Amino acid sequence: RQVGDERFNVFTECPVSQTSTIVLRGGSEQFIAESERSIHDALMVVKRSLKSRSVVAGGGAVEMEVAKYLKEHALTIQGKGQLIVSAFAKALE
């Protein structure tokens, strides 16, 4: 298979493959280095998840879930308290 100016042998649909190769190409060494670090980080997250058999939500998932609960709970509160709880829920979003 041709990738840019380089030619590579690509093997697909191997029934018992245990490895993969990722070819990184870019305009500068800095871009390649950053891409390599990003891929390494992602692979280490997958490796750690498979080893530990558990995952902790990230990327603001916990805050969004708390905000959702507070919005629903605010509907059960009367008066200014409802506005306060709703405002806090919005701040969490």
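Everything numeric here is computed off the predicted structure, so don't read it as measured data.

Calculation notes
- Residues numbered from 1 in each chain as written.
- Predicted model: local features only at pLDDT ≥ 70, side-chain atom pairs only at ≥ 80, totals over all residues.
- Heavy atoms only, no water.
- Helix = DSSP H or I, 4+ residues; strand = E, 2+ residues; numbered from the N terminus.
- Rg over C-alpha atoms; globule rule 2.2 N^0.38 Å.
- Buried < 20%, exposed > 50% of the residue type's maximum accessible area, 1.4 Å probe, protein only.
- Expected span 1.5 Å × (residues − 1).
- Core = buried A, V, L, I, M, F, W, Y, C linked by side-chain atoms within 4.5 Å.
- Contact = heavy atoms within 4.5 Å.
- Axes fitted to C-alpha atoms, helices over the stretch in contact; angles between N-to-C directions.
- Parallel < 35°, antiparallel > 145°, perpendicular 65-115°, else oblique.
- Left-handed = near helix turned anticlockwise from the far one by under 90°.
- Nonpolar A, V, L, I, M, F, W, Y, C, P; charged D, E, K, R; others polar.
- Salt bridge = Lys/Arg side-chain N within 4 Å of Asp/Glu carboxyl O.

> Outline the overall build of the protein chain, supporting the account with residue identities and numerical values.
The helix and strand tally for the protein chain stands at 3 helices and 2 strands. Secondary structure of the protein chain in N-to-C order comes out as β-β-α-α-α. By the compact-globule yardstick of 12 Å for 93 residues, the protein chain is too spread out, its C-alpha radius of gyration being 24 Å. Projected onto its principal axes, the C-alpha coordinates of the protein chain cover approximately 70 × 35 × 20 Å. Within the span of the protein chain, comprising 93 residues, buried residues form 8% of the whole.

> Can you break down unusual backbone geometry residue by residue, with the values?
Phi at arginine 53 takes a positive value of approximately 60°, unusual for a residue other than glycine. One can find arginine 53 in the loop between α1 (29-52) and α2 (61-74). Taking the relative accessible area as the measure of exposure, arginine 53 reaches 73% and is therefore exposed.

> Please provide a residue-by-residue account of α1, values included.
Since there are 3.6 residues in each turn of an α-helix, residues three or four apart along the chain are aligned in direction. When the terminal C-alpha atoms of α1 are compared, their 34 Å separation across 24 residues agrees well with the 34 Å that a helix rising 1.5 Å per residue should span. Once α1 finishes, arginine 53 follows within two positions and takes phi at roughly 60°, a positive value.

> A description of the nonpolar core should follow, citing residues and the corresponding values.
A general feature of soluble globular proteins is that nonpolar side chains tend to end up buried together. In this structure, Ala67, Leu70, Ala74, Val85 and Ala89 together form the largest nonpolar core, which totals 5 residues. Broken down by secondary-structure element, the contributors of at least two residues to this core are α2 and α3 (80-92). Broken down by element, the residue count for this core peaks at 3 residues, all from α2. Among residues more than four places away in sequence, those in contact with alanine 74 are Gln82, Val85 and Ser86.

> Give a description of the packing of α2 against α3 that names residues and reports values.
Axis separation between α2 and α3 bottoms out at 8 Å; the angle between their running directions is 160°. Accordingly, the angle class assigned to the pair α2 and α3 is roughly antiparallel. Here α2 and α3 pass one another in a crossing that is left-handed. Where α2 abuts α3, its residues Glu63, Val66, Ala67, Leu70, Lys71 and Ala74 lie against Gln82, Val85, Ser86, Phe88, Ala89 and Leu92. When the residues that make up the contact of α2 with α3 are grouped by side-chain class, the tally is 8 nonpolar, 2 polar and 2 charged.

> A description of the pattern of salt bridges should follow, citing residues and the corresponding values.
Within this structure, the stated rule accounts for 2 salt bridges. The partner of arginine 37 in a salt bridge is glutamate 34, and the shortest N-O contact between them spans 2.7 Å. With a gap of 3 residues between them, arginine 37 and glutamate 34 both fall in helix α1, about one helical turn apart. Arginine 37 sits in the partly exposed class, given a relative accessible area of 46%. Notably, a salt bridge pairs lysine 71 with glutamate 93, separated by 2.8 Å at the nearest N-O pair. Placement of lysine 71 in helix α2 and of glutamate 93 in the segment after α3 is noted, with a sequence separation of 22 residues between them. Residue classification places glutamate 93 among the partly exposed residues on the basis of a relative accessible area of 47%.

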